Amino acid sequence: MGTVALGTSGTTAADVIAVARGNARIELTDAALTALAASREIVDALAAKPEPVYGVSTGFGALASRHIGPELRAQLQRNIVRSHAAGMGPRVEREVVRALMFLRLKTVCSGHTGVRPEVARTMADVLNAGITPVVHEYGSLGCSGDLAPLSHCALALMGEGDAEGPDGEVRPAGELLAAHGITPVELREKEGLALLNGTDGMLGMLIMALADLDTLYKSADVTAALTLEALLGTDKVLAPELHAIRPHPGQGVSAANMLKVLAGSGLTGHHQDDAPRVQDAYSVRCAPQVAGAGRDTMAHARLVAERELAAAVDNPVVLPGGTSRASGAGGGRVESNGNFHGAPVAYVLDFLAIAAADLGSIAERRTDRLLDKNRSHGLPPFLADDAGVDSGLMIAQYTQAALVSELKRLAVPASADSIPSSAMQEDHVSMGWSAARKLRTAVDNLTRVIAIELYAATRAVELREDLTPAPATHEVVVALRKAGVEGPGPDRYLAPDLAGAEAFVRSGALVTAVEGVTGPLA
């Protein structure tokens with residue numbers, strides 16, 4: 001399980017994954033607790049002043065012009081959480097909610113939010129207890145942060161709403177807190193606002209998508225190499241010197257991966273045999289260029305994620321020093337800002353969905369080529385055992401085509417949209433949450449597309465009985481068959497085989513099988 005220590009300077013993608021997917025425990029460092037206490041002193045000093053300060057002694061959003069007296073401020077903070085917990089639709093996945101809560105806690109621990117140490121401790125206690133608030137699909141516009149999703153999490157900290165326990169059962173949050181000895185928080189000035197004003201949901205989904213895509217891009221290099229081999233293509237187009245003269249980093253990485261996988265193959269280089277061809281088709285020959293462009297897109301997305309992981313996203317924020325009207329103890333101050341806008345994260349979420357659609361598209365074209373007797377260079381139609389009596393993988397390619405078509409629809413950018421809210425106060429939004437949600441679907445679909453290419457390409461390689469595949473691709477075939485995915489033969493119920501291939505890709509077993517021969521892929 002492991003433990004993650006949260007300080008004042010952000011966190012890492014690996015820590016997010018450890019908490020979201022690995023149930024790692026969270027510990028708050030002394031530095032974080034000191035920073036929390038110091039920023040709270042500033043907020044308390046401002047709360048005692050007669051002048052209104054946004055988030056401390058005013059309403060919110062379009063209602064920010066009203067000054068709120070001390071006797072109503074605790075109610076104000078409770079109310080913003082209750083009223084903003086207005087999500088609808090299906091429940092969001094547990095790992096997404098855990099990532100969202102952890103990333104909010106990361107910002108709270110920065111010392112820029114004015115939240116008390118005991119609130120931060122309660123957030124950590126809830127995560128450590130395996131309690132997961134019920135968060136709904138719809139409710140975030142990706143500006144002023146992921147408001148509704150974060151509000152449902154804050155509601156659970158107050159002992160209200162519903163949550164899932166470590167046993168997977170959904171119960172009232174108050175009951176779950178009591179069962180684990182956790183006291184619900186009583187929010188004070190600024191704390192309700194600080195708990196729901198961040199880009200944490202979309203960032204968490206970005207980080208998990210990048211982790212999944214890292215495996216999928218390696219997997220796609222493997223399946224592209226398998227298809228090249230099955231089609232008796234040439235690996236000369238993968239030569240490092242060819243990729244050095246167009247120095248996109250990802251392209252070179254993908255070509256090098258494919259070369260590793262194909263090392264020692266007895267199938268490559270036969271493109272001049274019975275039916276000579278000068279060049280392989282684009283879907284085979286240009287595989288490194290397409291996958292490489294996706295890798296470079298991922299590199300940019302990682303840069304954005306790293307910056308966000310180091311950020312403290314809140315509005316208003318607590319800063320040291322200054323002499324503004326919103327100055328508190330020790331010269332610290334509270335300032336409004338626009339750092340909650342999700343555009344930087346939303347853009348890269350959409351970029352990744354576009355790249356995923358294109359990677360799926362080229363994989364589907366390679367699969368179709370394997371099944372077409374006019375273009376497969378001697379393979380039977382649809383890789384069928386007795387074509388005409390057997391349909392082979394005909395409908396597997398239909399399924400793959402349907403998935404790719406859906407990937408193309410999911411590639412339409414959410415961040416190109418904006419819809420005004422809060423009486424035109426929040427008149428431009430990022431739609432980053434929506435971009436993240438559709439990217440999760442795209443990653444799932446891409447996994448299935450690559451799995452179908454894997455299933456077809458391994459079958460095709462086995463049908464080339466008179467030629468010897470590369471040691472790495474042979475190991476893939478062996479491992480896939482050991483996993484229960486059957487090879488060539490008469491028609492059978494195909495869905496279980498496809499599901500097995502999907503699990504083989506999703507779990508990373510495909511990459512593991514190859515790396516056992518080639519060493520690590522990049």
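To be clear, the structure that these remarks concern was listed above.
Report follows, based on the coordinates. (Residues numbered from 1 in each chain as written. Predicted model: local features only at pLDDT ≥ 70, side-chain atom pairs only at ≥ 80, totals over all residues. Heavy atoms only, no water.)

Bringing the nonpolar core into the picture now. Grouped together as the largest cluster of nonpolar side chains are 148 residues, with contacts concentrated most on I26, L28, L105 and L206. The greatest single-element share of this core, amounting to 18 residues, is contributed by helix α9 (residues 200–230). I42, L46, V318 and V334 belong to the second-largest nonpolar core, a separate cluster that totals eight residues. (Core = buried A, V, L, I, M, F, W, Y, C linked by side-chain atoms within 4.5 Å. Buried < 20%, exposed > 50% of the residue type's maximum accessible area, 1.4 Å probe, protein only. Helix = DSSP H or I, 4+ residues; strand = E, 2+ residues; numbered from the N terminus.)

Time to look at the environment of L410. Inspection of the secondary structure puts L410 in helix α15 (residues 394–410). Distance from L410 to V443, taken between C-alpha atoms, is 10 Å for residues 33 residues apart in sequence. For L410, the residues in contact, after removing those within four places along its chain, are A353, K438, T441, A442 and N445. (Contact = heavy atoms within 4.5 Å.)

Helix α4 (residues 94–108) packs onto helix α1 (residues 13–20) with a crossing angle of 130° between their chain directions and a minimal axis gap of 8 Å. Relative to α4, α1 is oriented oblique. Of the two possible hands of crossing, α1 and α4 adopt the one that is right-handed. Residues D15, V16, V19 and A20 of α1 touch α4, and the partners they reach there are E95, R98, A99, F102 and L103. Across the contact of α1 with α4, the residue classes break down as six nonpolar, no polar and three charged. (Axes fitted to C-alpha atoms, helices over the stretch in contact; angles between N-to-C directions. Parallel < 35°, antiparallel > 145°, perpendicular 65-115°, else oblique. Left-handed = near helix turned anticlockwise from the far one by under 90°. Nonpolar A, V, L, I, M, F, W, Y, C, P; charged D, E, K, R; others polar.)

For the peptide bond that leads from N315 to P316, omega is -5°, which places it in the cis range. If you check the backbone angles, N23 has positive phi at about 55° while not being a glycine. You can see N23 is positioned in the loop between α1 and β2 (25–28). By relative accessible area, which is 29% here, N23 ends up partly exposed. A positive phi angle is found at F382, which is not glycine, with a value near 55°. In this structure, F382 sits in the loop between α14 (343–371) and α15. A relative accessible area of 32% places F382 in the partly exposed class.

Time to look at the sheet that holds strand β7 (residues 170–172). As summarised here, the arrangement of the three strands in space is β4-β6-β7, forming an open sheet in which the pairing is antiparallel. Of all the strands in the sheet, the pair left with one neighbour each is β4 (132–133) and β7. (Pairing = 2+ DSSP bridges.)

At a minimum axis separation of 11 Å, α9 and α14 run at an interaxial angle of 20°. Considering their axes alone, α9 and α14 lie roughly parallel with respect to each other. For the pair α9 and α14, the sense of crossing is left-handed. Between α9 and α14, the contacting residues are M202, L203, L206, L210, L213, Y217, A220, T223, A224, T227 and A230 on the first element and V345, V348, L349, L352, A355, A356, L359, R366 and L370 on the second. In terms of residue class, the contact of α9 with α14 is built from 17 nonpolar, two polar and one charged.

Any two side chains of opposite charge can pair, given that their charged atoms come close. Taken as a whole and assessed by the stated rule, the structure comprises 37 salt bridges. Close ionic contact of D44 with R188 constitutes a salt bridge, the shortest N to O distance being 3.3 Å. Separated by 144 residues along the polypeptide, D44 in helix α2 (residues 30–47) and R188 in the loop between α7 (173–179) and α8 (191–194) bring together distant segments of the chain. In this structure, the salt-bridge partner of E502 is R506, at a minimum N-O distance of 2.6 Å. Here the residue E502 and the residue R506 both occupy positions in helix α18 (residues 495–506), the gap between them amounting to four residues, near one helical turn. With relative accessibility at 18%, the residue E502 sits in the buried group. Through salt bridges with shared partners, a single network forms among R40, D44, R73, R116, E118, R188, E189 and E191. (Salt bridge = Lys/Arg side-chain N within 4 Å of Asp/Glu carboxyl O.)

These results come straight from atomic positions and should not be treated as a statement about function.
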